[in-house]
Amino acid sequence: PITMEIVRGIQYVLGEYGNVDGLMVSITEVLRNAIEHGNLGITYEEKQEAVLSGNYEKLLEERSKDEKYKNRKVYIHYKLDEDKVMIRIRDEGDGFDWKKMYRKLKRTTKHSHKPTGRGLIIVKMWIDKVYFNDKGNEVTLIKYIKRNNSLPKIKGKELEVFIRRGYEIEAR
């Protein structure tokens, strides 16, 4: 839902023929990471084991009911300008060592046979700039837009939302 709200605004700027599929996949991937790894504290190893054993949905359900995790939120702020879209996503988790992850990604191919762990590779394929805060619980995505100049100029649009328990969405 929120991914579609952001993408609809971008589609308007790009015009009828603008391709926003990669942006939608990237936003969805970052949101999924914020919920699963950030707010629910599921490690890469736990996720991989649960996926391989067919218990991933059960793991998500258990974690989302756990007192430690159940009230955590994901915060989304996006800004749409004439030439770019900026999306900032922050979770309430402990963060991660994104520098270590980037070093690991340089050694990993996008055709990895593991069932998990390719999210940042996918994001980097579609997004022009990706920044993390020092803690590793906030990511900023910047996608430059080649807009259809026949469309009317727009003023920037900003929206802040947060997701509670991975399902409920509130806008500010």
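Residues numbered from 1 in each chain as written. Predicted model: local features only at pLDDT ≥ 70, side-chain atom pairs only at ≥ 80, totals over all residues. Heavy atoms only, no water.

Q: Could you give an account of the pairing of strand β3 (residues 129-132), naming the residues involved and the relevant values?
A: Burial along β3 is one-sided: V130 and F132 are buried, while K129 and Y131, pointing the other way, are not. Where β3 folds back on strand β4 (residues 138-144), the antiparallel hairpin that results is connected by five residues, among which G136 adopts a positive phi of roughly 90°. (Buried < 20%, exposed > 50% of the residue type's maximum accessible area, 1.4 Å probe, protein only. Helix = DSSP H or I, 4+ residues; strand = E, 2+ residues; numbered from the N terminus. Pairing = 2+ DSSP bridges.)

Q: Could you give an account of helix α4 (residues 56-65), naming the residues involved and the relevant values?
A: Along α4, the residues that are buried comprise Y56, L59, L60, R63 and S64. Down the axis of α4, the smallest arc covering the buried residues is 125°, so these residues share one side. Facing away from the buried side of α4, by more than 90 degrees, are the exposed residues E57, K58 and K65. Elements in contact with the buried residues of α4: α2 (21-39) and α3 (44-53). (Arc of directions from axis to C-beta. Contact = heavy atoms within 4.5 Å.)

Q: Provide a residue-level description of α3, including the pertinent values.
A: Residues spaced three or four apart along an α-helix face the same direction, because each turn holds 3.6 residues. Along α3, the positions that sit buried rather than exposed are K47, Q48 and A50. Each buried residue of α3 lies within a common arc of 165° when the element is viewed along its axis, so the set occupies one face. Among the exposed residues of α3, those pointing more than 90 degrees away from its buried face are E45, E49 and L52. Looking at the packing, one finds that the buried side of α3 touches α2 and α4.

Q: How would you sum up the packing of aromatic side chains? Please name residues and give values.
A: Both the distance between ring centres and the angle between the ring planes are used here to describe each pair of aromatic rings. In this structure the tally under the stated criterion is one aromatic pair. The lysine or arginine in question, R90, covers the ring of Y75, its NZ or CZ lying 4.3 Å from the ring centre. (Phe/Tyr/Trp six-rings, centres within 6.5 Å; stacked < 30°, edge-to-face > 60°. Lys NZ or Arg CZ within 6 Å of the ring centre and 35° of its normal.)

Q: Could you give an account of the confidence of the model for the protein, with specific residues and numbers?
A: Of the residues in the protein, 66% have a pLDDT of 70 or more, and the chain-wide mean is 77. The low-confidence segment residues 165-172, where pLDDT is below 50, has 22 contacts with residues more than four positions distant or belonging to other chains. (pLDDT = per-residue confidence, 0-100.)

Q: A description of the nonpolar core should follow, citing residues and the corresponding values.
A: Counting 29 residues, the largest nonpolar core has V74, V85, I87, I89, V130, V139 and L141 as the members making the most contacts within it. For this core, the elements supplying multiple residues, two or more each, are α2, α4, β1 (73-80), β2 (84-91), α6 (119-126), β3 and β4. (Core = buried A, V, L, I, M, F, W, Y, C linked by side-chain atoms within 4.5 Å.)

Q: Can you tell me about a positive patch on the surface, naming the residues and giving the values?
A: Residues K99, K100, R103 and K104 make up a contiguous surface patch of positive charge. As for its position among the elements, R103 is in helix α5 (residues 98-107). (Patch = residues over 30% accessible without salt bridge, like charges linked within 9 Å, V, L, I, M, F, W, Y side chains within 5 Å. Areas by Shrake-Rupley, 256 points an atom, 1.4 Å probe, with all protein chains shown as cover. Salt bridge = Lys/Arg side-chain N within 4 Å of Asp/Glu carboxyl O. Lys, Arg positive; Asp, Glu negative; His and termini not counted. Charge placed at Lys NZ, Arg CZ, Asp CG, Glu CD.)

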